[in-house]
Amino acid sequence: RHRNYTPLVPLRSASEDLGCRRGEFSRKHYGSVELLISSDADGAIQRAGRFRVENGSIDEASDYTPGTWRRTDVHLENPEYHTRWYFKYFLGKVHQNYVGMDAEKNPFFLSVVLSDQNNQRVPQYRAILWRKTGTLKISLPYSPTKTLSVKSILSAMNVDRFEKGPREILNPEIQKDLLVLEEQEGSVNFKFGVLYAKDGQLTDDEMFSNESGSENLDKFLNLLGDTICLQGWAGYRGGLDTKNDTTGINSIYTVYQGHELMFHVSTMLPYSKENKQQVERKRHIGNDIVTIVFQEGDDTSPSFKPSMIRSHFTHIFALVRYNSQNDSYRLKIFSEESVPLFGPPLPSPPVFTDHQEFRDFLLVKLINGEKATLETPTFAQKRQRTLDMLIRSLNQDLMPDMPKNMLNRRSFSDVLPESPKSARKKEEARQAEFVRVGQALKLKTIVRGDAPTSLVTTGLCRKEPWESQSFCSSFPYDIVCGDSWGQSLLVATDSAGVMLLEDSPTLPPVQVFDKTLTVKQMHLLEPQDLLIARADKGKDARLYVYRLSTLKRGIEERQLVRTKYDSRENKLEKTKGCHLYSINTHHGVELRIVAAIRNKLLLITRKQSRLDCLSSIATVTGTTDSPVEEFQYIREICLCDSPVVMALVDGPTGENDHMICVAYRHQFDLINESTGDAYRLHHVDSNRVNFVSAIDVYEDGEAGLLLCYNNICVYKKVCPFNGATPMIQPNTSDFHFSWNQMPNAIVCAFPYILAFTTDSIEIRLVVNGNLVYTAVVPELQLTASRSDIYFISSAPINSASNCSSRDTSSQSSPQTPTGYEMPVFPSPLGDGEAPSKHIYKIPLSNLVGRSIERPLKSPLVNKVLTAPAPSVIGPTPMIASTTSLSLSRMEIKEIASRTRKELLGLTEEPSSKADGNSVKQRRMSKKTKEEEQRRTAEISTTEQ
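Residues numbered from 1 in each chain as written. Predicted model: local features only at pLDDT ≥ 70, side-chain atom pairs only at ≥ 80, totals over all residues. Heavy atoms only, no water.

Asker: Looking at this structure, how should I read the overall build of the chain?
Answerer: Assigned secondary structure in the chain consists of 19 helices and 46 strands. Across the 944 residues that make up the chain, the buried fraction comes to 55%. A fraction of 66% describes how many contacts in the chain between residues 6 or more apart in sequence connect residues 24 or more apart. Roughly 41300 Å² of accessible area belongs to the chain as shown, and the carbon and sulfur atoms make up 50% of that amount. (Helix = DSSP H or I, 4+ residues; strand = E, 2+ residues; numbered from the N terminus. Buried < 20%, exposed > 50% of the residue type's maximum accessible area, 1.4 Å probe, protein only. Contact = heavy atoms within 4.5 Å. Areas by Shrake-Rupley, 256 points an atom, 1.4 Å probe, with all protein chains shown as cover.)

Below, the structure written as structure tokens:
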């Protein structure tokens, strides 16, 4: 499964390969679209349809070795405990809601809250904009000195013009309506069909007419979940009758990561001998978006095709086959052509010998598939019509009650304005009522089973690939930039020069350059034996180049620390005034540097071939310590403005077709390196533009660009230059998505793309932009990402980003402010305590090396690919998941009833020994009792 490349040189580090490889991705791992035709026994065509088929391998019957495969990229996409913000962060807490009308006369609602992000002492504003096109969520940093106005929040959401300005809604009942709006994003519980097909059955009538299943089917159903009795069932019922047994006596049910799942099993639904079409069975399974087809027989027998099923509603079919010879399951996925890509991608081959791992994979695939289907045009248009109707109706209901003088111009931070005592008491009473109504709504939603929180966690316990390792527990200086040097880290500080940090707590930092050389940007290229650095600022700024071998020798021989004066032979003189530079990703064949000097680009290459370079490294004698003479200036290119962001894009042939992407003003342009001609790649339609990055990526060997600005990420495919004109046009493969918070830096590591904000790492999938996880990291700063990812935080290791993505609701929800008070955020530092920086490392091999084992195509034929480095994270003991049910609905109702009475200040007599604690509580003093009730009023305690 690995390609045979002819190595240029034997010296190539695994980290260097991964560093080049992480910018490559492929959507082919998610299947290819095929026209599927089904025919009857006589060969006559019945139906045809276009489906994306995920097979894991080209040959379905290909050989495989059981037990040789392991995967890490099984994640729920857009998990509700990260996406349902209103329920999690707003409901039952002090927040503000506004109504307004945009320039197109469409009403909108805005909700804003000041909250603590996961109890990490990271206060921030969260805002939700409700419009007919959907909801937009953003996080904005909190500053105690700078107030945030409603207008500035809307401006950050690119809403600057209004027909009617936003006005605050004081009625606490608005929380119920906004919760309904959020629930339009989709149900937190799911119903899936399970259709049993015997060997050789080719029509849906035959499959639905199977009166009973088989031993293999029973084994598969026991793996999926628990058999429950429908009569009197109090949990999620998925449309089944729980009173009169009209939809069968039993069914299969389970809870997975907070989602209640009900399976409509064909052999458990009512069977009718008179009705050959089995309408009652089709009524349920035919109206499921996702259906599992369990097919008997071996791989040589005729296989299932989705066109065999007459259903306009089912969009995804999961074909499951059991092999009794080696006790394994084989999986194949069919998705209707309009369904967006969703993970996890199938392994190659798609065979599972570990049954619990198969269950974990299958349930995640089914849940992600149904969520993806809701984004198809059919469902998206229905949702948009519903949202439009709900928002307009709510706006009309509010207009008569809206005071005419309530045009709100105060800042959001001004929640408790200085006012006379009577007015302040009135405001406090209003907020107390607002919180009470919200908490009651939250409680009701939990009891109903529609809460987007996890009451019980199932699945495999494992470390996630993005989990960080502590690299340096305390570093006293502010870091400007850095890059990895083997297993060490070279960093440029603001006041102590350039230092080398070893991956060992016992070894102190080694100073390489003193503070006279103020480095602002650096790249460390080990195969090239080269360090490139941009130092100083303004007119004095220049690029410096050093041999790593010379620096290493100086460190080993404990020579004097280098100064700026010692670096005078390392200057690239023509780069005077350089404020930005960029290098090409695949620098193993030819290193290209583009330096930006105001509105001028200077293209620089290295004269030596890579072989000559490395041979000179092997025989250092006779070579100079400075590699300056090895660089040549190719040409200058003038731009219309000074670039803010740059990226070099490799052409497919490498002959006069390389490109430079630059960002300035309100646009991204593409520059032909050979001619200097500029072409518009993307225009930013926003009043304010904060350019973040442009990342060159290669999809199956073809160049593309991830353009990141504000909180938007856009993918543009760049076709090769055709003569003098590049093929820049709208492409079906282009896509875009939004980050929840404006990033400061972006790192692409297929299959993930990571955004580093001021206080969090937001992790999404490259192929669809779906959110996977958000890690809270206070005072975050990305240091290096060319190979392994290094970042700085003020938080210790146990609270930086290592909380599992499978945390329960009590861990993932911020605590509710008690009563009507605004949350208080204490400083993490004591008086006079010096801030210490903690440096963390995410090994790139964890993100890239283990995600998909099939090799990716490179645009450079002669690029060397070696086996990825072994994972740094050791094997963790696998804990078998159980399919036990969550708390029964009666138990939840009992807890909720007790909590509701405590919220209302009511008491009840103890009914058993289990209520002994409540007896002790009644004996407490009045003060202690009030404190206990206030703690109980926190809704997160109820959730727990």
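More follows now that the structure is in view.
Asker: I'm lost on the sheet that holds strand β45 (residues 789-793) in this one. Help?
Answerer: Pairing in this open sheet of four strands is antiparallel, and the strands run β17-β46-β45-β44 from one edge to the other. Every interior strand has two partners, whereas the edge strands, β17 (469-475) and β44 (781-784), have only one. Direction aside, the axes of adjacent strands within the sheet are offset by 25 degrees on average. In terms of strand pairing, β45 meets strand β46 (residues 837-842) through five bridges, oriented antiparallel. Paired with Ile 792 across the strands is Ile 839, a residue of β46. (Pairing = 2+ DSSP bridges. Axes fitted to C-alpha atoms, helices over the stretch in contact; angles between N-to-C directions.)

Asker: It is not clear to me how the packing of aromatic side chains should be interpreted in this structure. Could you clarify?
Answerer: Here a ring pair, both rings aromatic, is described through the centre-centre distance and the interplanar angle of the planes. Per the stated rule, a full pass over the model turns up 28 aromatic pairs. Look at Phe 737 and Trp 739: their rings are 5.2 Å apart centre to centre, the planes differ by 75 degrees, and that puts the pair in the edge-to-face class. With respect to burial, Phe 737 and Trp 739 carry one shared label: buried. Among the aromatic residues, ring-to-ring pairing joins Phe 220, Phe 294, Tyr 322, Tyr 329, Phe 352, Phe 358 and Phe 361 into one connected group. We note Arg 126 situated over the ring of Tyr 89; from NZ or CZ to the ring centre the distance is 3.6 Å. (Phe/Tyr/Trp six-rings, centres within 6.5 Å; stacked < 30°, edge-to-face > 60°. Lys NZ or Arg CZ within 6 Å of the ring centre and 35° of its normal.)

Asker: Just to check I follow, could you spell out the pattern of salt bridges for this structure?
Answerer: Side chains bearing opposite charge may pair, as long as their charged atoms lie close to each other. According to the stated counting rule, one finds 26 salt bridges in the structure shown. A salt bridge links Lys 219 to Asp 327; the nearest nitrogen and oxygen atoms lie 3.0 Å apart. Taken together, the residues Lys 219 in helix α7 (residues 215-224) and Asp 327 in the loop between β14 (316-323) and β15 (328-336) connect sequence positions 108 residues apart. When its relative accessible area of 30% is taken as the criterion, Asp 327 is described as partly exposed. (Salt bridge = Lys/Arg side-chain N within 4 Å of Asp/Glu carboxyl O.)

Asker: Sorry, what's going on with the packing of helix α5 (residues 174-183) against helix α10 (residues 377-398) here?
Answerer: Two numbers describe how α5 lies on α10: the axes approach to 10 Å, and their chain directions differ by 170 degrees. If you check the angle between α5 and α10, you find them roughly antiparallel. On α10, the residues that touch Ile 174, Asp 177, Val 180 and Leu 181 of α5 are Leu 387, Leu 390, Ile 391, Leu 394 and Leu 398. When its residues are assigned to classes, the contact of α5 with α10 shows eight nonpolar, no polar and one charged. (Parallel < 35°, antiparallel > 145°, perpendicular 65-115°, else oblique. Nonpolar A, V, L, I, M, F, W, Y, C, P; charged D, E, K, R; others polar.)

Asker: Teacher, can you tell me more about the packing of α7 against helix α9 (residues 355-373) here?
Answerer: How two helices sit against one another is set out by the angle between their axes and by the gap between those axes. Where α7 meets α9, the closest approach of the two axes is 10 Å, and the angle between their N-to-C directions is 70 degrees. Classified by the angle between their axes, α7 and α9 sit roughly perpendicular to one another. Seen along the crossing, α7 lies across α9 with a hand that is right-handed. Taken together, the residues of α9 that come into contact with α7 (itself represented by Lys 219, Phe 220, Leu 223 and Leu 224) are His 355, Gln 356, Phe 358, Arg 359, Leu 362 and Leu 363. By residue class, the composition of the contact of α7 with α9 is six nonpolar, two polar and two charged. (Left-handed = near helix turned anticlockwise from the far one by under 90°.)

Asker: Help me understand the confidence of the model for the chain in this model?
Answerer: It should be kept in mind that the predicted coordinates are not to be read in detail where pLDDT is low. Taken as a whole, the chain shows an average pLDDT of 75; of its residues, 71% reach a score of 70 or greater. A low-confidence stretch, residues 404-411 (pLDDT under 50), is modelled with 18 contacts involving residues beyond four sequence positions or located in other chains. Across residues 907-930, where pLDDT falls below 50, the model places 13 contacts with residues more than four positions away in sequence or in other chains. (pLDDT = per-residue confidence, 0-100.)

Asker: What's the story with the sheet that holds strand β40 (residues 745-749) in this structure? I'm lost.
Answerer: One key point about sheets: their strands pair by backbone hydrogen bonds, in either a parallel or an antiparallel sense. Here we have four strands laid out as an open sheet, ordered β40-β41-β42-β43, and antiparallel in their pairing. A single partner strand is all that each edge strand has here, and the edge strands are β40 and β43 (771-776). Neighbour to neighbour, the strand axes of the sheet diverge by 15 degrees on average, direction disregarded. Judged from the five bridges that link them, β40 and strand β41 (residues 752-756) form a sheet pairing that is antiparallel. The partner of Ala 745 across the bridge, within β41, is Phe 756.

Asker: Sorry, what's going on with α10 here?
Answerer: Helical periodicity: at 3.6 residues per turn, an α-helix aligns residues three or four positions apart in one direction. With 22 residues, α10 extends 31 Å between its outermost C-alpha atoms, agreeing within 8% with the 32 Å of an ideal straight helix rising 1.5 Å per residue. For α10, the full list of buried residues reads Phe 379, Leu 387, Ile 391, Leu 394, Asn 395 and Leu 398. Each buried residue of α10 lies within a common arc of 125 degrees when the element is viewed along its axis, so the set occupies one face. Among the exposed residues of α10, those oriented more than 90 degrees off its buried face are Arg 385, Met 389, Gln 396 and Asp 397. (Expected span 1.5 Å × (residues − 1). Arc of directions from axis to C-beta.)

Asker: So what exactly am I meant to see when it comes to the pairing of β46 here?
Answerer: Consecutive side chains along a regular strand alternate between the two faces of the sheet. Of all six residues making up β46, six are buried, and the element is well covered by its neighbours. Every second residue of β46 is oriented toward a common face, with Lys 837, Ile 839 and Lys 841 on one face and His 838, Tyr 840 and Ile 842 on the other, all of them buried. Pairing geometry for β17 and β46, over four bridges, is antiparallel. By the bridge assignment for β46, Gln 469 is matched with Lys 841.

Asker: Looking at this structure, how should I read unusual backbone geometry?
Answerer: Negative phi is the rule for most residues except glycine; trans is the rule for most peptide bonds. Geometrically, the link from Gly 343 to Pro 344 is a cis peptide bond, its omega value of -5 degrees lying close to zero. One non-glycine residue with positive phi stands out, namely Lys 105, at about 65 degrees. Mapped onto the elements, Lys 105 comes out in the loop between β4 (96-102) and β5 (107-116). Even without glycine at this site, Gln 257 takes up a positive phi of about 50 degrees. Take Gln 257: its relative accessible area is 5%, and that puts it in the buried class.

Asker: I keep staring at the pairing of strand β7 (residues 134-141) and nothing clicks. Help me out?
Answerer: Relative to β7, strand β6 (residues 123-131) is paired through eight bridges, and the arrangement is antiparallel. In the sheet register, Gln 124 faces β7, and the bridge partner there is Pro 141. Linkage of β6 to β7, two consecutive antiparallel strands, is achieved through a turn of two residues.

Asker: Could you clarify how one ought to interpret the nonpolar core in this entry?
Answerer: Taken as a class, soluble globular proteins show a tendency for nonpolar side chains to be buried jointly. With 41 residues, the main nonpolar core has Phe 220, Leu 224, Phe 263, Ile 292, Leu 331, Phe 358 and Leu 362 as its most contacted residues. Looking at this core, the elements with two or more residues in it are β9 (190-197), α7, β11 (250-256), β12 (259-265), β13 (290-295), β14, β15 and α9. Considering each element in turn, this core owes the most residues, eight residues, to α9. The residues touching Phe 263, leaving out its near neighbours within four places in the chain, are Phe 192, Val 194, Leu 224, Ser 251, Ile 252, Thr 254, Ile 292 and Leu 363. Counting residues in each nonpolar core, the second largest holds 24 residues, with Phe 87, Tyr 89, Ile 174 and Leu 179 among its members. (Core = buried A, V, L, I, M, F, W, Y, C linked by side-chain atoms within 4.5 Å.)

Asker: Would you take a moment to explain helix α12 (residues 548-556) for this structure?
Answerer: Leu 548, Ser 549, Thr 550, Leu 551 and Gly 554 are the residues of α12 that are buried. Residues of α12 that are buried make contact with β18 (479-485), β21 (510-513), β22 (519-525), β23 (530-535) and β24 (542-547). Following α12 by one or two positions, Arg 558 adopts a phi angle in the positive range, close to 55 degrees.

Asker: Help me out: how do you make sense of the environment of Val 293 in this one?
Answerer: Within the secondary structure layout, Val 293 lies in strand β13. Along the sequence, Val 293 and Arg 321 sit 28 residues apart, while their C-alpha atoms lie 8.6 Å from each other. Beyond its immediate sequence surroundings of up to four residues, Val 293 is in contact with Leu 195, Ala 197, Phe 304, Phe 317, Ala 318, Leu 319 and Val 320.

Asker: I'm lost on the environment of Arg 764 in this one. Help?
Answerer: In this fold, Arg 764 is placed in strand β42 (residues 760-765). On the basis of relative accessibility, which here comes to 6%, the residue Arg 764 falls in the buried class. Apart from residues lying up to four places away in sequence, Arg 764 is in contact with Phe 737, Ser 738, Trp 739, Asn 740, Pro 751, Tyr 752, Ile 753, Gly 769, Asn 770, Leu 771 and Val 772. Within polar-contact distance, the side chain of Arg 764 engages the side chain of Glu 762 at 2.8 Å. (Polar contact = N/O pair within 3.5 Å; in protein donor to acceptor, adjacent residues only side chain to side chain.)

Asker: Even after reading the chapter, I still don't get the environment of Ser 111, so can you show me in this structure?
Answerer: In this fold, Ser 111 is placed in strand β5. Judged by its relative accessible area of 0%, Ser 111 falls in the buried class. Placed 58 residues apart in sequence, Ser 111 and Ile 169 show a C-alpha to C-alpha distance of 9.9 Å. Once residues within four sequence positions are removed from consideration, Ser 111 is found in contact with Tyr 86, Phe 90, Gln 96, Asn 97, Arg 126, Ala 127, Ile 128, Trp 130 and Leu 178. Among the polar contacts listed, one links the side chain of Ser 111 to the side chain of Trp 130, at a separation of 3.2 Å.

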